[in-house]
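Chains, contacts and geometry: an overview
Here are the chains, one letter per residue:
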Amino acid sequence: MEVVQIQRRLVDYTKSLFMEGFLDGQFLQLQQLQDESNPDFVVEVVSLFFDDSEKLLNELTIALDQPNVDFKKVDGHVHQLKGSSSSIGAQRVKNVCIAFRNFCEVQNIEGCLTCLQQVKQEYYLVKNKLETLFRLEQQIVASGGSIPMIEMGF
């Protein structure tokens, strides 16, 4: 595929991630921190988010499976996940975490379990979407092209 076509696909795909609410303006700010001296900055930060999120989701699953749920502990994990998802612009993950924390506050186990499933679903969706985005970027660079800057009107 021609570089220009891949670049167009990348721009369209990225815009769709914003339009569908997967990402917010924080992701653009993250991209602006990347430059020639640190060309893999976004991939590295997002990879750390993936690693941390996997651990937190496992810890949440275990914590909510206990006979006596420690809602303070669960809330702490959700708060951490909310913060890290917010820092990379994973808007839909962050939004589920807000509802999740409300269920923790009132110690509603059913609500927490429902939110756990929702947050897992949103996490794996955004992970898949970002991995696709990074693959498109790699194809452009491998073809000798440059990554186009995405302009979004927020």
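Whatever comes next refers back to the structure up there.
Bear in mind the structure is a predicted one, so any value in this text is a computation, not a measurement. (Residues numbered from 1 in each chain as written. Predicted model: local features only at pLDDT ≥ 70, side-chain atom pairs only at ≥ 80, totals over all residues. Heavy atoms only, no water.)

Between the first and last C-alpha of helix H4 (residues 71–88) there are 26 Å, a value that for 18 residues agrees with the 26 Å anticipated at 1.5 Å per step. Of the positions making up H4, those classed as buried are Phe71, Val74, His77, Val78, Leu81, Ser84, Ser85 and Ile88. The buried residues of H4 occupy an angular sector of 160 degrees when projected down its axis, which confines them to one face. Its buried side turned inward, H4 meets helix H2 (25–32), helix H3 (41–64), helix H5 (91–105) and helix H6 (109–142). Trailing H4 by a residue or two, Gly89 shows a phi angle of about 85 degrees, which is positive. (Helix = DSSP H or I, 4+ residues; strand = E, 2+ residues; numbered from the N terminus. Expected span 1.5 Å × (residues − 1). Buried < 20%, exposed > 50% of the residue type's maximum accessible area, 1.4 Å probe, protein only. Arc of directions from axis to C-beta. Contact = heavy atoms within 4.5 Å.)

Before going further, it helps to examine the pattern of salt bridges. Considering all chains together, one arrives at 4 salt bridges under this definition. Linking Glu122 and Arg92 is a salt bridge whose minimum nitrogen-to-oxygen distance equals 2.8 Å. With Glu122 in helix H6 and Arg92 in helix H5, this pair connects stretches of sequence that are 30 residues apart. For Arg92, a relative accessible area of 25% translates into the label partly exposed. (Salt bridge = Lys/Arg side-chain N within 4 Å of Asp/Glu carboxyl O.)

Judged by nonpolar contacts, the single largest core of 45 residues is most densely connected at Phe27, Val46, Val74, Phe100, Val119 and Leu130. Among the elements of the structure, helix H1 (3–19), H2, H3, H4, H5 and H6 are those that each provide at least two residues to this core. Counting residues per element, this core draws most heavily on H6, at 11 residues. With residues near it in sequence (within four places) discarded, Phe100 still touches Leu60, Leu64, Val74, Val78, Cys112, Cys115, Leu116 and Val119. (Core = buried A, V, L, I, M, F, W, Y, C linked by side-chain atoms within 4.5 Å.)

Time to look at the environment of Arg92. Along the primary structure Arg92 and Leu23 are separated by 69 residues, whereas in three dimensions their C-alpha atoms are 7.4 Å apart. Here Arg92 is in contact with Glu20, Gly21, Phe22, Glu122 and Leu125, once residues within four sequence places are set aside. Within polar-contact distance, the side chain of Arg92 engages the side chain of Glu122 at 2.8 Å. (Polar contact = N/O pair within 3.5 Å; in protein donor to acceptor, adjacent residues only side chain to side chain.)

Each pair of packed helices can be summarised by the angle the axes make with each other and by the distance between the axes. Between H1 and H6, the least distance of the axes is 9 Å, while the angle of their chain directions is 160 degrees. When the axes of H1 and H6 are compared, the pair comes out roughly antiparallel. Judged by the sense of rotation from one axis to the other, the crossing of H1 with H6 is left-handed. Contacts from Val3, Ile6, Gln7, Arg9, Leu10, Tyr13, Thr14 and Leu17 in H1 reach Lys129, Thr132, Leu133, Leu136, Glu137, Gln139 and Ile140 in H6. Across the contact of H1 with H6, the residue classes break down as 8 nonpolar, 4 polar and 3 charged. (Axes fitted to C-alpha atoms, helices over the stretch in contact; angles between N-to-C directions. Parallel < 35°, antiparallel > 145°, perpendicular 65-115°, else oblique. Left-handed = near helix turned anticlockwise from the far one by under 90°. Nonpolar A, V, L, I, M, F, W, Y, C, P; charged D, E, K, R; others polar.)

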